[in-house]
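# An overview of the molecular structure
The residues making up each chain are set out below.
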Amino acid sequence: MKRDQWENAIRENYHAVLERITQAARRAGRSPESVRLIVVTKGQPLFKAEAAVRAGARDLGENYPEEGMEKMLAITRPDVHWHMIGHVQRRKARLVVAHYDMMHSLDSLALAQRLNRLAAEARRMLPVLLEFNVGGESSKFGWPAWDEAQWEALLPDIEGVLACEHLLVQGVMTVPPPVASPEAERPYFQQLRRLRDFLAQRFPKATWDELSMGMSADFEVAVEEGATLVRVGTAILGPRPPK
Ligand SMILES: *Cc1c(COP(=O)(O)O)cnc(C)c1O
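This section reports on the structure supplied with the text. (Residues numbered from 1 in each chain as written. Predicted model: local features only at pLDDT ≥ 70, side-chain atom pairs only at ≥ 80, totals over all residues. Heavy atoms only, no water.)

### Some points on the packing of aromatic side chains
For any two aromatic rings, the description comes down to two numbers: the centre-to-centre distance and the angle of the planes. The condition that has to hold: Working definition: rings of Phe, Tyr and Trp (its six-membered ring) pair if their centres are within 6.5 Å, and the pair is stacked with planes under 30 degrees apart, edge-to-face with planes over 60 apart, and tilted otherwise. Helix and strand assignments come from DSSP, with helices taken as H or I runs of at least 4 residues and strands as E runs of at least 2, each series counted from the N terminus. The rule is simple: take the accessible area with a 1.4 Å probe, protein chains only, and divide by the maximum for that residue type; under 20% is buried, over 50% is exposed, in between is partly exposed.
Counted according to the given criterion, the structure contains 2 aromatic pairs. Aromatic pair F132 and W143: ring centres 5.8 Å apart, planes at 40°, arrangement tilted. Of this pair, F132 sits in strand β5 (residues 126-133) while W143 sits in strand β6 (residues 143-144), placing them 11 residues apart in sequence. Summarising the burial analysis for this pair, F132 and W143 share the class buried. Aromatic pair W151 and F198: ring centres 5.4 Å apart, planes at 45°, arrangement tilted. Taken together, the residues span a long stretch of sequence, with W151 in helix α6 (residues 151-162) and F198 in helix α7 (residues 186-202) at a distance of 47 residues. In this pair, the class of W151 matches that of F198, namely buried.

This is how it looks when you write it as structure tokens:
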């Protein structure tokens, strides 16, 4: 497809995904406004990210801090919010604090403490979500949470994150393992929601509103299970070009 064809395709895809979110929310008796669509631009050329913004997208997600910054230099609208959704290495933490609006993929206490120090230096509050691995040992990142018997053991780390005065904990996030059908992801989304409810009960003073879950293949199931942030890439922007 040529660039000008992508412009229209992305506009149509974006609105089709919004419509599917609306329908899924209604099926679950939820307000469609309670779900925010993050367009995942990782690995995609700048013109596609720009087309998504022209179509109406105001939340963009990136996995690598530097790659996102290249796009930020071109897309300077103050009403576009940048979400870090990938694993962040220690030495990249500074970029996240300097340039991103929300960090979905906080996956260790050490990283939390580093982000906290950097956010204090930068005199800002950084909104964060805690990433959990609800799918089992095969998926790489996030605190282990596939077995409810593990949850109690997570609490000291979570308490440590909540003690970080420059991090604003807002909820939880997961990337479940790829499975054969969207329906097969449902138990993982339910597990994350149950974990969220458990944390909200243990730490009632903190905020646990956000559930970041659901991608191109399964966002409707995620919305039915309570997702407030869905992260959709290929269903809107087409396949990511090979690296
Ligand atoms: C790539 C990615 C997405 C989007 O995946 P699609 O299948 O392209 O929708 C969502 N979340 C995370 C964490 C990702 O790495």
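### Brief notes about the site of the ligand
Put simply, the test is: One heavy atom suffices: a residue is near a molecule or strand as soon as one of its heavy atoms comes within 4 Å of it. Contacts described as polar in this section are N or O atom pairs within 3.5 Å, which, within protein, must combine one atom able to donate a hydrogen with one able to accept it, while residues neighboring in sequence count only if both atoms come from side chains. Computed with a 1.4 Å probe, the accessible areas rest on the Shrake-Rupley method; for each residue, only the protein chains presented here act as cover. Only protein atoms enter the 1 Å grid, on which a cavity is a set of points fitting a 1.4 Å probe that cannot get out and a pocket is an open set with protein on both sides within 12 Å along at least 5 of 7 lines, lining residues being those with an atom within 4 Å of a point. Any molecule with more than half of its atoms within 2 Å of a cavity's or pocket's grid points is counted as sitting in it. Classes in brief: Ala, Val, Leu, Ile, Met, Phe, Trp, Tyr, Cys and Pro nonpolar; Asp, Glu, Lys and Arg charged; the others, Gly included, polar.
Lining the immediate environment of the ligand, one finds V40, K42, N63, I85, V175, M215, S216, R231, V232, G233, T234 and R240. N63 is positioned such that a nitrogen or oxygen atom in its side chain is 2.8 Å from an oxygen atom of the ligand. A distance of 2.9 Å separates an oxygen atom of the ligand from a polar backbone atom of T234. Considering the ligand on its own, with 390 Å² of exposed area, one finds that the protein chains cover 89% of that surface. Taken atom by atom, the bulk of the ligand overlaps the largest pocket. Here the residues of the shell around the ligand are counted per class, giving 5 nonpolar, 4 polar and 3 charged.

### A closer look at the pairing of strand β9 (residues 229-232)
Two faces belong to every sheet, and in a regular strand the side chains alternate between them. Heads up, the rule is: Pairing between strands is defined by DSSP: at least two bridges between the two strands are required.
Side chains L229 and R231 of β9 all project onto a buried face; the interleaved residues V230 and V232 project onto the opposite face, where all are buried too. When strand β1 (residues 36-40) meets β9, the two strands line up parallel, connected through 4 bridges. Paired with R36 across the strands is L229, a residue of β9.

### Section: the layout of surface pockets
Note the threshold: Grid points are joined across faces, edges and corners, and a volume is the space filled by probe spheres set on the points.
By volume, the largest pocket is sized at about 850 Å³. As for the largest pocket, its lining consists of 36 residues, of which K42, N63, V175, M215 and R231 are closest to the centre. Contributions of two or more residues to the lining of the largest pocket are made by β5 and β9. Tallying contributions element by element places β5 first for the lining of the largest pocket, with 3 residues. In the lining of the largest pocket, the residues fall into 16 nonpolar, 12 polar and 8 charged.

### Overview of the pattern of salt bridges
What counts, and what does not: By definition, a salt bridge exists where a carboxyl oxygen of Asp or Glu is found within 4 Å of a side-chain nitrogen of Lys or Arg.
Inspection of every chain in the model, using the stated rule, returns 18 salt bridges. For R27, the salt bridge goes to E224, with nearest N and O atoms at 2.8 Å. Remark: E224 occurs in helix α8 (residues 219-224) and R27 occurs in helix α1 (residues 3-27); sequence separation between them is 197 residues. Exposure remark for R27: the relative accessible area of 53% places this residue in the exposed category. On the basis of relative accessibility, which here comes to 22%, the residue E224 falls in the partly exposed class. One continuous salt-bridge network, built from bridges that share partners, spans R27, E183, R186, R193, E224 and E225.

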